[in-house]
Amino acid sequence: MTLTILYFAWLRERIGLPRETVQTEAATVADLVDELRAREERYAFTFADLKAVRVALDQELTDFDAPLAGVREVAFFPPMTGG
Amino acid sequence: MTIRVQAQPFDYGAESNAFARSSDGAGAIVTFCGVVRDNDGTLRGMEIEHYPGMTERALSTIEAEARSRWSLSDALIIHRHGALNPGEMIMMVATASRHRADAFAAAEFLMDYLKSRAPFWKKERTATGEGWVEAREADEDALKRW
């Protein structure tokens with residue numbers, strides 16, 4: 001499947017991209033993260049501590065064990081600091 | 001019910017007055033605004049990043065939740081993104097209800113939830129460099145009271 005991945009805040013800075021398109025057969029968000037980590041050091045560094053990372057699938061906040069079937073957009077970002 | 005996510009400044013007084021005027025019969029209006037705080041006098045400015053699309057959805061969900069919990073005749077959320085200077089207003093909420101208890105509680109609920117559930121991230125620029133503001137555990141804990 002084809003996924004659009006978005007990165008925000010320090011994840012965007014560490015990876016050096018605001019968004020990218022990936023081809024993947026990852027079943028869950030955690031599987032996708034493992035694939036990304038294996039790619040390059042900057043991904044491994046960014047996803048070193050998942051406690052510091054949040055994920056949204058198609059703009060809904062979810063967990064790392066969430067399935068990716070039918071999903072088009074994945075976003076990774078730190079805990080939010082609005083208000 | 002109005003949600004606005006914008007780069008440009010807003011006029012807190014004008015927004016508050018317009019909200020109060022359009023809330024005929026509400027009886028109670030609560031407004032709150034958040035301002036860029038300079039803790040020790042070293043802040044040069046702030047940059048607020050957000051996730052266009054998800055931001056509006058998350059704020060709509062939070063507002064709908066507030067309306068389901070309290071009797072509100074109207075609600076307003078304005079949140080800025082982009083570059084802000086110390087002392088500038090970041091965001092405001094306003095709630096209207098027949099009774100003040102609902103208006104106060106709903107405004108606090110909106111604030112607590114938008115701090116931790118709406119996709120905004122603050123980056124501070126100081127005299128010595130820049131850095132992302134870290135989420136506070138207290139902000140996450142604040143959700144548990146609702």
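For the structure, see preceding data.
Everything in this summary refers to the structure shown in the same document. These numbers were taken from a predicted model, which means no experiment stands behind them.

1. Brief notes about the overall build of chain A
- On a plain count of helices and strands, chain A comes out with three helices and five strands.
- Each helix and strand of chain A, ordered N terminal to C terminal, gives the series β-α-β-α-α-β-β-β.
- For chain A, the spread of C-alpha atoms along the three principal axes comes to 35 × 30 × 20 Å.
- A buried classification covers 48% of the 83 residues belonging to chain A.
- For chain A, the proportion of contacts with a sequence separation of at least 24, taken over those separated by at least 6, is 50%.

2. Considerations on the interface of chain B and chain A
- Listed by partner, the interface residues are 25 residues for chain B and 21 residues for chain A.
- Summed over both partners, the interface of chain B with chain A comes to about 1,900 Å²; 56% of that surface belongs to carbon and sulfur atoms.
- Linking chain B with chain A are three salt bridges.
- Here Glu13 of chain A makes a salt bridge to Lys123 of chain B, at a shortest N to O gap of 2.4 Å.
- When residues of the side of chain B that touches chain A are traced back to their parent elements, those giving at least two are strand S3 (43-50), helix H2 (54-69), strand S6 (89-97), helix H3 (100-117) and strand S7 (120-126) of chain B.
- Considering only residue class, the side of chain B that touches chain A consists of 14 nonpolar, four polar and seven charged.

3. A short note on the pairing of strand S2 (residues 19-23) of chain A
Residue and element names in this part refer to chain A.
- Of the two faces of S2, the one lined by Glu20 and Val22 is fully buried and the one lined by Arg19, Thr21 and Gln23 carries no buried residue.
- Sheet analysis places strand S1 (residues 2-7) next to S2, joined by five bridges and oriented antiparallel. Paired with Ile5 across the two strands is Glu20, which belongs to S2.

Calculation criteria
All chains use their own residue numbering, which begins from 1 and follows the written sequence. Ligands are numbered from 1 and chains lettered from A, in the order in which they are written. The model is predicted, so local features are restricted to residues of pLDDT at least 70 and side-chain atom pairs to those at 80 or more, both for listing and for counting; the totals for chains, interfaces and linings are taken over all residues. Only hydrogens and water are removed before side-chain values are computed, so all heavy atoms of the structure are retained for them. Secondary structure elements are defined from DSSP: runs of H or I of at least 4 residues count as helices, runs of E of at least 2 residues count as strands, and each element is numbered from the N terminus. Here the term buried applies to any residue with accessible area under 20% of the maximum for its type, exposed to any over 50%, and partly exposed to those in between, with areas from a 1.4 Å probe on protein chains only. A contact between two residues is defined here by any heavy atoms of the two lying within 4.5 Å. Accessible area that two parts lose when put together, evaluated with a 1.4 Å probe and summed over both, is termed the buried area. Any Lys or Arg side-chain nitrogen located within 4 Å of an Asp or Glu carboxyl oxygen qualifies as a salt bridge. All residues other than Ala, Val, Leu, Ile, Met, Phe, Trp, Tyr, Cys, Pro, Asp, Glu, Lys and Arg, Gly among them, are scored as polar; the first ten of these are nonpolar and the last four charged. At least two DSSP bridges between two strands are needed for those strands to be called paired.

Bear in mind that shape data such as this cannot, by itself, settle questions of function.
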